[in-house]
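# Reading the structure
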Amino acid sequence: MTSPCIDIHSHFFPKNAPNFAAKFGESSGPWVTLHDHSDGTGMMMLGDKPFRPVHSALWDAQARIKELDANHVETQIICATPVMFAYDAPAEQAAYVASAYNDLALAMCADSSGRLRTLAQVPLQDSALACRELTRAMRAGCVGVQIGNHVGPREMDDEGIVAFLQHCVEENAAVLVHPWDMLGGERLKRWMSAWTVAMPAETQFGIMAMILGGAFDRLPAELRICFAHGGGGFPYLLGRLENAWHRRDIVRGISLHPPSHYLNRFSVDSAVFDPRALRLLVDTMGADHIMVGSDAPFPLGEEHIGDLVRNQPGLTEVHRQQVLTENARNFFRL
Ligand SMILES: [Zn+2]
């Protein structure tokens, strides 16, 4: 029998999204829309440019549940696609957008017989508004919040972002950090390099900022925070950072301890697509800090959700069950 899993990293976009371009104008966009081809496929548009080919599981709960059944996914946690964040828009507009998307995500979950749960999005460029929307969204039924790994030049150790994370602790909200707004500019235009090269670097940057910028030292251990895509480049390059931390004082920032000290302060998902990478992740993070994350239903997601973990050689059955379901149940209080 195939073991069921809980998938903690998947995305949605609502079919009936409000027309934010008409409401706020293109100048604070580009806004995301969906061209539904009415044949089960569609195209996400960013302004007037095609962004990503998609299919109905992105917006239709029943189509999504068919995919969950086929993949033995017991529960799936959905969240915004990062292009929906609106962190570059005026904060009041981003707050309006977050609240509209959060309600639409909750409506999709309400149509799923409990199989789908959602993370909120918040206007992270303004911590007070972000805290307010988080409180509202948690009361409305969200199981946590997804944030991007930076807001322009403000990294994860930024005072406003740390204040928001403190609020997440108070609201008992789990946090998923997703890479977005990738570094690299013009050089990323070929080969989907923004996804294959820069996203893992962004995630690595996010974890590093929390460590070296003293965010983990300032925040309580109760904070439940998970980084997407296996923590990006961080687990693989931890030794390099650790060596630098010990040998050059300018690396240390204001962290009280070397980077390896903080490994029990965060979790990662399993979206690494290779058993050798998953083995490194288990060795580095521990099986109790990894959860299945698929990036479904996008083309670059895990095609058979959870199979990397189900088929991982050398993983004890106890650890396999932790990664497939138990960690997610504890992390998101499902
Ligand atoms: Zn994702």
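Scroll up a little and you will see the structure.
In what follows, the accompanying structure is described. Quick caveat, the model's predicted, so the values are computed rather than measured. (Residues numbered from 1 in each chain as written. Predicted model: local features only at pLDDT ≥ 70, side-chain atom pairs only at ≥ 80, totals over all residues.)

Next up on the list: the sheet that holds strand β6 (residues 116-120). On the basis of which strands lie adjacent, the open sheet formed by 8 strands has the order β1-β5-β6-β7-β8-β9-β10-β11 and parallel pairing. If you trace the sheet from one side to the other, it starts and ends with β1 (5-12) and β11 (290-291), each paired once. The sheet contact formed by β1 and strand β5 (residues 73-80) spans 6 bridges and is parallel. The partner of D7 across the bridge, within β5, is Q76. The strands touched by helix α3 (residues 91-110) are β1, β5 and β6; relative to β6, the strand with the most contacts, the crossing angle is about 170 degrees. (Pairing = 2+ DSSP bridges. Helix = DSSP H or I, 4+ residues; strand = E, 2+ residues; numbered from the N terminus. Contact = placed C-beta atoms within 7 Å. Axes fitted to C-alpha atoms, helices over the stretch in contact; angles between N-to-C directions.)

For β5, the tally of buried residues reaches 7 of 8 residues, placing the bulk of the element in the interior. Two elements, β5 and β6, share 3 bridges in a ladder whose sense is parallel. The residue bridging I77 from the neighbouring strand is R117, located in β6. (Buried ≥ 20, exposed ≤ 12 C-beta atoms within 10 Å, placed from the backbone.)

It is worth spelling out the nonpolar core at this point. Core analysis: the largest hydrophobic core is formed by 100 residues, its most contacted members being V145, V175 and C226. Sequence-distant contacts of V175, that is, excluding residues within four places in its chain, are made with G144, V145, I147, L165, C168, R224, I225 and C226. (Core = buried A, V, L, I, M, F, W, Y, C linked by C-beta atoms within 7 Å.)

Along the chain, G29 connects to P30 via a cis peptide bond; the corresponding omega equals 5 degrees. Here P30 shows up in the loop between α1 (20-24) and β2 (32-36). Omega for the peptide link from A296 to P297 comes to 0 degrees, which places this bond in the cis form. Relative to the helices and strands, P297 resides in the loop between β11 and α10 (307-310). Residues other than glycine seldom take positive phi values, yet H72 does so here, at roughly 55 degrees. Structurally, the position occupied by H72 is in the loop between α2 (61-70) and β5. If you check the backbone angles, N172 has positive phi at about 60 degrees while not being a glycine. Tracing the chain through its elements places N172 in the loop between α5 (159-170) and β8 (174-178). We classify N172 as exposed; it has 12 C-beta atoms within 10 Å.

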